[in-house]
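# Coordinates in review
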Amino acid sequence: MPQSVQSLDTISVSSDASYDSDEEDRLAEQEWQESLQQLKQLLTIVLLPYLGKFLGRRWSYWAYARYVRLGLGKSFFLGEKHL
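These notes cover the structure that comes with them. (Residues numbered from 1 in each chain as written. Predicted model: local features only at pLDDT ≥ 70, side-chain atom pairs only at ≥ 80, totals over all residues. Heavy atoms only, no water.)

A few words now on the side chain of R66. With respect to the helices and strands, R66 occurs in helix α1 (residues 2-70). Overall, the relative accessible area of 13% leaves R66 in the buried class. When neighbours within four sequence positions are excluded, R66 is seen to be in contact with G71, S75, F76, L78, G79 and E80. (Helix = DSSP H or I, 4+ residues; strand = E, 2+ residues; numbered from the N terminus. Buried < 20%, exposed > 50% of the residue type's maximum accessible area, 1.4 Å probe, protein only. Contact = heavy atoms within 4.5 Å.)

Here it is, written out as structure tokens:
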């Protein structure tokens, strides 16, 4: 009889260990998803506006230099004709 009680204790301990492992895996996955969400928010709130500002200014400088060089005619939109 004592062997059966001992074996039941062993089974319950091993099932508790697997439950704890499953719970730890679930918590780790939840933390990973939260970290990904935070990185996504960082990207959309902070980095994209700065990237847009940089690219917008760069394009506007290029467009203004092209306007000064070619004027606002067909060559501005279609390109220069090389003779």
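Right, let's talk about the packing of aromatic side chains for a bit. Evaluation of the coordinates by the stated rule reveals 2 aromatic pairs. With a centroid separation of 6.5 Å and an interplanar angle of 35 degrees, the aromatic rings of Y64 and Y67 are classed as tilted. Here Y64 pairs with Y67, and both are found in helix α1, just 3 residues apart, close to one helical turn. Overall, the relative accessible area of 56% leaves Y64 in the exposed class. On the accessibility criterion, Y67 (42% relative accessible area) is partly exposed. (Phe/Tyr/Trp six-rings, centres within 6.5 Å; stacked < 30°, edge-to-face > 60°.)

What follows deals with the pattern of salt bridges. The final tally for this structure, using the stated rule, is 1 salt bridge. R26 is the partner of E23 in a salt bridge, and the nearest nitrogen-oxygen pair spans 2.7 Å. Of this pair, E23 and R26 both sit in helix α1, 3 residues apart, roughly one helical turn. Here R26 falls in the partly exposed class, since its relative accessible area comes to 45%. (Salt bridge = Lys/Arg side-chain N within 4 Å of Asp/Glu carboxyl O.)

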